[in-house]
Protein chains: 2
Amino acid sequence: MTEPLSARLAAYAAVATDLGVEAVALVPGPNFTRAVIHPFMSHERPFLIVIPATGTPAALVPNLELQSWDLVGFEGAVFDWRDQDGYDAAFAALTAHLKIGSLAVEGQIMRVFVHHALKKAQPDLRIVDGEAAISGLRMVKTPEDIAALRAAIEISERALAQTLDGVRLGQTETEIEQALIQALFAHGAEDQAFHPIVAAGDGSARPHAKARPDYAVKAGDALLIDFGARKHGFAADITRTVFLDHASDRAADVYDTVLRANRKGHAITRAGITAHEIDDAVTGVLEASPYGDRIRTKTGHGLGRDVHEAPYIMRGNHQVLPAGCVFTNEPGLYRIGDFGVRIEDDILVTEDGCVSLTTFPTELTVLKC
Amino acid sequence: MTEPLSARLAAYAAVATDLGVEAVALVPGPNFTRAVIHPFMSHERPFLIVIPATGTPAALVPNLELQSWDLVGFEGAVFDWRDQDGYDAAFAALTAHLKIGSLAVEGQIMRVFVHHALKKAQPDLRIVDGEAAISGLRMVKTPEDIAALRAAIEISERALAQTLDGVRLGQTETEIEQALIQALFAHGAEDQAFHPIVAAGDGSARPHAKARPDYAVKAGDALLIDFGARKHGFAADITRTVFLDHASDRAADVYDTVLRANRKGHAITRAGITAHEIDDAVTGVLEASPYGDRIRTKTGHGLGRDVHEAPYIMRGNHQVLPAGCVFTNEPGLYRIGDFGVRIEDDILVTEDGCVSLTTFPTELTVLKC
């Protein structure tokens, strides 16, 4: 079912060759987990695998992880270090062993202290940001990846249905958020994909709002819920916006505009289209409406082990989308002091179109609560 | 109650002066949240505040965060950027505005892509790792910080009691983990401090084990649970190890050894002691036992907005602990293929001793389940 470790690591060696560098480094995170299967944490301890374009990989491993590391089946040299000794000697031994002049790293994941430790061990090491190419290996999903995403989404949609059933006027945003989180785990989430956004009324106008303990939802409010379960290491990311008790004519019109933009994204997506073309078409629907001044965000982002990953669905990104990639289609309109609407689906690109992995209804919903 | 923003930022200006650099940069994370109070996310978007040693701070803000940023009350220059334009121009404008030659960053938090964007905008900018000094401002807790930690710990202990009450032989580690997570949120957690460790039998021997869906707990197993709630932005971090149905004589002896080490940590802690001295005394108890070959970790780490922060309680760290700092006292003994025991309390250092913020019993517990 799953490729052997050597084959998974060989893919990163090929990335090094493509990038014209002598090796690729992975630190704990989604690429590292994809490579070794077993999840590891890093916290304050440097931990990395270096995969040369040719030759055998090597790893720098905190001593307290060695027993878990044994489960990985790694065949290269391992340089471990203990807290009380510090890690400088391990980095020096690693770089002396590798004898490389250039290294591509995950710029969005590796932190500066690891970068500095590498440069301290080998000042002339050229470190380049290989994020796009390294994480790009996760862009086309395997059947197992898709099954995990579907499982995460199914849990999320059940939790959302249960949460919306329980909403009552006068509850605080925080109370609704807590109900959502409990429902996620009750339905089998192994974790939250990210801390949810539960925002009502004027709070819904902030794309990354935080639930307020002192805001009680009231009739006429928009209620925006952006959340997701994590299952088998993969993240769902779903947004629905509903209205409580009633929706004003203008609210309904704004909602209809966002829904048309969302549907435009579904309609035009197929393998071979560029990220730019999707955002241009989706955002174009919003721009052609009377609400163009309420646009705040791009159309979406890739989704998989990470909640935000390639491809980024935005104008100027002329990356061609292959069959098997998954992205969020999440147009929105936001006006501060008023309200916001976002409708977010998780879309699987296929050769001749796309499949929405999210199936929760998107029609205008007014909760009688 | 809370200092004004200008006073909070002035503390970072003083850090810049102490470090001999011209400015300090903060990116979203615990220091950023402490500074601006409102929590922000970064994901793939660079977002930073630069506080010069003298003069007015400046910020680089993703356009879609501007409306939330307005809540912060920031008075300096703001350079925003939109997804479709990229962020290079904003970094160029920021560095041209600041006119600094050196910058201290949070090495454990800032990622390499932000470091590279700064260097691209200003190749001669000297970037140093100021992690210890910057995050060090969080080491001495305020009364509000302590209250938040106590709230997080109280939720955690209630959840643990409920979870242990529900343990039955034959449950999987994953089932126990799910019960724990649901209990955390039911008792009022705003988030998990980290993904919990629920490990039984031989799994307990791995300090950072992941719950197994295919391991059913059995009579005689050690059950190690390491977890914490997050409340008001602060993290609890607690470990208890119990035995199911019965404990062998050797298990009881190993447990007693770890408990004596944990109690040693409580007994010797007071303001003015060094991190080295605590680890030396606690680990010394383990070393003097017949189980010295089962030592895998240092004694502990600081605890606050971050689960792992200064001070790191390990030999070789001669940092003096001030009154008001909080750290984990978590000695453990682990033998692969056998079992592990860890007992972790959260300790507040006071002028004349210490207070354990965790109050969950530590005596050997055998669950009749």
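Residues numbered from 1 in each chain as written. Chains lettered and ligands numbered in written order. Predicted model: local features only at pLDDT ≥ 70, side-chain atom pairs only at ≥ 80, totals over all residues. Heavy atoms only, no water.

Regarding the pairing of strand E5 (residues 102-105) of chain A
Residues and elements named next belong to chain A.
- On E5, burial covers both faces: Ser-102 and Ala-104 on one face and Leu-103 and Val-105 on the other are all buried.
- By the bridge criterion, four bridges tie E5 to strand E6 (residues 126-129) in an arrangement that is parallel. Within E6, the position partnered with Leu-103 by the bridge is Ile-127.
- Traced from E5 through helix H5 (residues 112-121) to E6, the parallel crossover comes out right-handed. (Buried < 20%, exposed > 50% of the residue type's maximum accessible area, 1.4 Å probe, protein only. Helix = DSSP H or I, 4+ residues; strand = E, 2+ residues; numbered from the N terminus. Pairing = 2+ DSSP bridges. Right-handed = clockwise from strand over helix to strand, strands pointing away.)

Looking at the relation of the copies chain A and chain B
- If you rotate chain A by 180 degrees and push it 0.0 Å along the axis, it lands on chain B with an RMSD of 0.0 Å. Read as a symmetry element, the transformation amounts to a two-fold axis. Within chain A, A:Arg111 has its C-alpha nearest the rotation axis, a separation of 2.0 Å.
- Both copies contact each other with a shared surface, as 100% of the interface residues of chain A are interface residues in chain B too. (Least-squares fit on C-alpha atoms with pLDDT ≥ 70 in both. Contact = heavy atoms within 4.5 Å.)

Thoughts on the sheet that holds strand E11 (residues 234-235) of chain B
Residue and element names in this part refer to chain B.
- The antiparallel open sheet is built from three strands, whose spatial order is E7-E10-E11. Across the chains shown, the open sheet's two edge strands, defined by having one partner strand only, are strand E7 (191-192) and E11.
- Here two bridges tie E7 to strand E10 (residues 229-231), and the two strands are oriented antiparallel to one another. Bridging from a neighbouring strand, Asp-191 pairs with Arg-230 of E10.
- Sheet contacts for helix H7 (residues 143-166): E10 and E11; angle to E10, the most-contacted strand, approximately 145 degrees. (Axes fitted to C-alpha atoms, helices over the stretch in contact; angles between N-to-C directions.)

Focus on the nonpolar core
- Counting 82 residues, the largest nonpolar core has A:Leu164, A:Leu223, A:Ile225, B:Leu164, B:Leu223 and B:Ile225 as its most contacted members.
- In contact with A:Leu164, not counting residues within four places along its chain, are A:Leu223, A:Ile225, A:Val242, A:Phe360 and A:Leu367. (Core = buried A, V, L, I, M, F, W, Y, C linked by side-chain atoms within 4.5 Å.)

Examining the interface of chain A and chain B
- Opposite the 48 residues of chain A that make contact, chain B presents 48 residues.
- At the boundary of chain A with chain B, total buried surface from both sides reaches about 4,800 Å², with 53% on carbon and sulfur atoms.
- By the criterion of area lost to chain B, the three top residues of chain A are A:Gln67, A:Gln108 and A:His208, representing 14% of everything that side buries.
- Inspection of the chain A/chain B interface yields four salt bridges.
- Salt-bridge contacts for B:Lys298 lead to A:Asp83; the nearest nitrogen and oxygen are separated by 3.2 Å.
- Our enumeration of links across chain A and chain B arrives at 31 residue pairs in polar contact (both at pLDDT 80 or more).
- Listing elements by their share of the side of chain A that touches chain B, those giving two or more residues are helix H3 (66-69), H5, E6, helix H8 (173-186) and strand E7 (191-192) of chain A.
- The element contributing the most residues to the side of chain A that touches chain B is H8(A), with five residues.
- Residues that form the side of chain A that touches chain B fall into these classes: 20 nonpolar, 15 polar and 13 charged. (Buried area = accessible area lost by both parts, 1.4 Å probe. Salt bridge = Lys/Arg side-chain N within 4 Å of Asp/Glu carboxyl O. Polar contact = N/O pair within 3.5 Å; in protein donor to acceptor, adjacent residues only side chain to side chain. Nonpolar A, V, L, I, M, F, W, Y, C, P; charged D, E, K, R; others polar.)

Side note on the side chain of B:Lys141
All names here are of chain B.
- Mapped onto the fold, Lys-141 is located in the loop between helix H6 (131-136) and H7.
- Looking at Lys-141, its side chain comes within polar contact range of the main-chain oxygen of Arg-138, at 2.9 Å.
- Setting aside anything within four residues of it in sequence, one finds Lys-141 in contact with Ile-146, Leu-149, Leu-303, Gly-304, Glu-309, Gly-324 and Val-326.

A look at the pattern of salt bridges
- Scanning all chains against the criterion turns up 40 salt bridges over all chains.
- B:Asp88 is the salt-bridge partner of B:Lys120, the closest N and O atoms lying 2.8 Å from each other. Of this pair, B:Lys120 sits in helix H5 (residues 112-121) while B:Asp88 sits in helix H4 (residues 88-98), placing them 32 residues apart in sequence.
- Among the residues examined, B:Lys120 registers a relative accessible area of 59% and is labelled exposed.
- Across the pair B:Glu309 and B:Lys141 runs a salt bridge, and its minimum N-O distance is 2.7 Å. Here B:Glu309, found in strand E14 (residues 309-313), pairs with B:Lys141, found in the loop between H6 and H7; they are 168 residues apart in sequence, far enough to count as distant.
- Since its relative accessible area comes to 8%, B:Lys141 is described here as buried.
- Taken together, the shared-partner salt bridges connect A:Glu44, A:Arg45, A:Asp83 and B:Lys298 into one network.

In short, geometric facts, not functional conclusions.
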